[in-house]
Amino acid sequence: MRASRKAVCGAVVVAAAAVLIASPASATPASGVAVEPLAQVDVSAFSPFASLPSVFTFRRITLAPGGTLGWHYHDNTVLAYVTAGQVTRYEADCVATTYAAGQGLSETVGPDHVHVGRNLGTEPAVLYVAYLNRAGEPLFVDAPDPGCP
């Protein structure tokens, strides 16, 4: 039983790594983005999490001045903390909110909550991001620009 649990965990890690390394084709391409995978933990083996999103993925994202994350949405919970610079997030209604170093944010969930993060500043923006997904689910889904400037 222990060996099969290791095999399953290994398969989950390999599948999750594929999601982190190979991002899907962009409807609105990202640019000026560097992603550093920090950790990934699958807690689905613990009974309280068996039916919930249970893969925690942590990344450090650096967004160069003028960079964009591209329009996208998330199917599950995403939390972020800005540690340097600032990031401006536009929602599908074109309303912008800027988050500076020291501020945190949570992303809205689902395809009706398309958004983009942009660095409109003059220094790199750095975010630490935590994603809570089910095994095999993408961290984000690319989306077309809803027509915002």
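Visitor: Give a description of the overall build of the protein that names residues and reports values.
Guide: Across its full length, the protein carries one helix and 10 strands. When the helices and strands of the protein are listed from N to C terminus, the series reads α-β-β-β-β-β-β-β-β-β-β. A buried classification covers 34% of the 149 residues belonging to the protein. Look at the contacts in the protein between residues 6 or more apart in sequence, and 75% of them connect residues 24 or more apart. Here the protein has roughly 8100 Å² of accessible surface; of this, 63% comes from carbon and sulfur atoms.

Visitor: Mind laying out the pattern of salt bridges, listing which residues take part and the relevant values?
Guide: If you walk through the whole model with that rule in mind, you get three salt bridges. For the salt bridge of Glu-36 with Arg-60, the shortest nitrogen-to-oxygen distance reads 3.9 Å. Of this pair, Glu-36 sits in strand E1 (residues 31-42) while Arg-60 sits in strand E2 (residues 55-68), and the two are 24 residues apart along the sequence. Glu-36 gets classed as partly exposed once you look at its relative accessible area, which sits at 39%. Residue classification places Arg-60 among the partly exposed positions, given a relative accessible area of 29%. For Arg-89, the salt bridge goes to Glu-91, with nearest N and O atoms at 3.1 Å. Taken individually, Arg-89 and Glu-91 each receive the classification buried, so the pair is uniform in this respect. When salt bridges with common partners are traced through the structure, they connect Arg-89, Glu-91 and Glu-107 into a single cluster.

Visitor: Which residues make up a nonpolar patch on the surface, and what are the values?
Guide: Together, Leu-38, Val-41, Phe-58, Tyr-81 and Tyr-128 make up a nonpolar patch on the protein surface, roughly 430 Å² of accessible area in all. With respect to the secondary-structure elements, Phe-58 resides in strand E2.

Visitor: Describe the packing of aromatic side chains, naming the residues involved and giving the relevant values.
Guide: Per the stated rule, a full pass over the model turns up zero aromatic pairs. Sitting above the plane of the Tyr-90 ring, Arg-118 keeps its charged end 4.9 Å from the centroid.

Visitor: Describe the pairing of strand E9 (residues 125-133), with residues and values.
Guide: One ladder, built from nine bridges, connects E2 with E9; its direction is antiparallel. Bridge pairing in E9 links Thr-57 to Tyr-131. Pairing of strand E4 (residues 78-84) with E9 involves six bridges; the strand directions are antiparallel. Paired with Val-78 across the two strands is Tyr-131, which belongs to E9.

Visitor: Tell me about the nonpolar core, and name the residues and values.
Guide: Core analysis: the biggest nonpolar cluster contains 13 residues, and Ala-80, Val-82, Leu-105, Leu-127, Val-129 and Tyr-131 have the highest contact counts within it. Elements supplying a minimum of two residues to this core: E2, E4 and E9. Take this core: its biggest share by element is four residues, from E9. Non-local contacts of Leu-127, meaning those with residues more than four positions away in its chain, are made with Arg-59, Arg-60, Ile-61, Ala-80, Tyr-81, Val-82 and Val-87. Core analysis: the next-biggest nonpolar cluster, separate from the first, contains seven residues, Trp-71, Tyr-73, Ala-143 and Cys-148 among them.

How each quantity is defined
- Each chain carries its own residue numbering, running from 1 in the written order of its sequence.
- Since the coordinates come from a predicted model, pLDDT governs what is reported: local features require at least 70, and pairs of side-chain atoms require 80 or more to be given and counted, while whole-chain, interface and lining totals use all residues.
- The basis for every side-chain value is the complete set of non-hydrogen atoms in the structure, without hydrogens or water.
- Under the DSSP-based scheme used, a helix requires at least four consecutive residues in state H or I and a strand at least two consecutive residues in state E, with every element numbered from the N terminus.
- For the exposure calls, accessible area comes from a 1.4 Å probe over protein chains only, and a residue counts as buried if that area is under 20% of its type's maximum, exposed if over 50%, partly exposed in between.
- Residues are treated as being in contact if the distance between any of their heavy atoms lies within 4.5 Å.
- Reported accessibility uses the Shrake-Rupley method at a 1.4 Å probe radius. Residues are deemed covered only where the shown protein chains occlude them.
- A pairing counts as a salt bridge when a side-chain nitrogen of Lys or Arg comes within 4 Å of a carboxyl oxygen of Asp or Glu.
- Residues forming no salt bridge and having over 30% relative accessible area are the ones grouped into patches, like charges within 9 Å of each other and nonpolar side chains (Val, Leu, Ile, Met, Phe, Trp, Tyr) within 5 Å.
- For Phe, Tyr and Trp, where Trp contributes only its six-membered ring, two rings pair if their centres lie within 6.5 Å, and the inter-plane angle classes them as stacked under 30 degrees, edge-to-face over 60, or tilted in between.
- Criterion for a charge above a ring: Lys NZ or Arg CZ within 6 Å of the ring centre, and within 35 degrees of the ring normal.
- Note: two strands are recorded as paired if DSSP finds a minimum of 2 bridges between them.
- Buried residues of nine kinds, namely Ala, Val, Leu, Ile, Met, Phe, Trp, Tyr and Cys, make up a nonpolar core once their side-chain atoms join them within 4.5 Å.

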